[in-house]
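Notes for the structure review
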Amino acid sequence: MNDIDAVAVSYAPGLIGALLTGVNFAKGLAFANNKPLIPVNHIQGHIAASYIEHDVKPPFLALAASGGHTSVIDVRGRTDFVTVGRTRDDAVGECFDKIARVMGIAYPGGAEM
């Protein structure tokens, strides 16, 4: 922990059980080690991860599709995000996972597809 400057944690959106588990663990870890806690929006984290692998520069329109959410985001700057639309009850990634199951692909099959 001496080499770690801060603890970052995804706080929303997402499945409440997973978020509560992660946030509470991160809070405890940060508090016990006297480190700052940095909350990260789950969707913005997905988008920011693209900067690691690709030479993408804002502005652009991002589609974040996973098992628990689907969002269309107007990325105006590296930290300037505007949600254009999102699902409320289902997600594109979940549909891929269900189709993959029918095709005999192990969970989570959407990624393999």
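Up top is the structure.
Concerning unusual backbone geometry
- Omega for the bond connecting Ala12 with Pro13 falls within 30 degrees of zero, at -15 degrees, which places this linkage in the cis form.
- Note that Pro13 resides in the loop between strand S1 (7-12) and helix H1 (16-32).
- The peptide bond linking Pro58 to Pro59 adopts the cis configuration, its omega dihedral lying at 5 degrees.
- When you line up the elements, Pro59 lands in the loop between helix H2 (42-53) and strand S3 (60-65).

A look at a nonpolar patch on the surface
- A cluster of nonpolar side chains, namely Val92, Phe96, Ile99, Met103 and Met113, defines an oily patch on the protein surface of about 460 Å² accessible area.
- Looking at the element boundaries, Ile99 is found in helix H3 (residues 92-102).

A look at the side chain of Ser71
- Relative to the assigned elements, Ser71 resides in strand S4 (residues 70-77).
- For Ser71, the residues in contact, after removing those within four places along its chain, are Ile43, Ala62, Leu63, Ala64, Gly85 and Arg86.

Side note on the sheet that holds S3
- Taken together, 3 strands build an open sheet; the order of strands is S3-S4-S5 and the sheet is antiparallel. Strand pairing shows two members of the sheet lacking a second neighbour, S3 and strand S5 (80-86), which therefore form its edges. Direction aside, the axes of adjacent strands within the sheet are offset by 30 degrees on average.
- Where H2 meets the sheet, its contacts fall on S3, S4 and S5, and the angle it forms with S4 comes to roughly 60 degrees.

As for the nonpolar core
- Listed in full, the 9 residues of the largest apolar core are Ile43, Ile47, Tyr51, Phe60, Ala62, Ala64, Ile73, Val75 and Phe81.
- If you list the elements that add at least two residues to this core, you get H2, S3 and S4.
- With residues up to four places along the chain from it excluded, the contact list for Phe60 reads Ile47, Tyr51, Ile73, Asp74 and Val75.
- Core analysis: the second largest hydrophobic core is formed by 5 residues, Val7, Val9, Ala26 and Ala30 among them.

Considerations on the packing of aromatic side chains
- In this structure the tally under the stated criterion is 0 aromatic pairs.
- Sitting over the face of the ring of Tyr51, Arg78 holds its NZ or CZ atom 4.0 Å from the ring centroid.

Focus: the environment of Ile16
- Turning to its location among the elements, Ile16 is positioned in helix H1.
- Given the relative accessible area of 60%, Ile16 is considered exposed.
- In this structure, the C-alpha to C-alpha distance between Ile16 and Val75, residues 59 residues apart in sequence, is 25 Å.

Here's the deal with the pattern of salt bridges
- The final tally for this structure, using the stated rule, is 2 salt bridges.
- Asp55 is paired through a salt bridge with Lys57; the nearest N and O atoms lie 2.7 Å apart.
- Taking the relative accessible area as the measure of exposure, Asp55 reaches 68% and is therefore exposed.
- Residue class for Lys57 comes out exposed when judged on its relative accessible area of 53%.
- A salt bridge links Asp74 to Arg76; the shortest N-O distance between them is 2.9 Å.
- On the basis of relative accessibility, which here comes to 49%, the residue Arg76 falls in the partly exposed class.

What counts and what doesn't
- Residues numbered from 1 in each chain as written.
- Predicted model: local features only at pLDDT ≥ 70, side-chain atom pairs only at ≥ 80, totals over all residues.
- Heavy atoms only, no water.
- Helix = DSSP H or I, 4+ residues; strand = E, 2+ residues; numbered from the N terminus.
- Patch = residues over 30% accessible without salt bridge, like charges linked within 9 Å, V, L, I, M, F, W, Y side chains within 5 Å.
- Areas by Shrake-Rupley, 256 points an atom, 1.4 Å probe, with all protein chains shown as cover.
- Salt bridge = Lys/Arg side-chain N within 4 Å of Asp/Glu carboxyl O.
- Contact = heavy atoms within 4.5 Å.
- Pairing = 2+ DSSP bridges.
- Axes fitted to C-alpha atoms, helices over the stretch in contact; angles between N-to-C directions.
- Core = buried A, V, L, I, M, F, W, Y, C linked by side-chain atoms within 4.5 Å.
- Buried < 20%, exposed > 50% of the residue type's maximum accessible area, 1.4 Å probe, protein only.
- Phe/Tyr/Trp six-rings, centres within 6.5 Å; stacked < 30°, edge-to-face > 60°.
- Lys NZ or Arg CZ within 6 Å of the ring centre and 35° of its normal.

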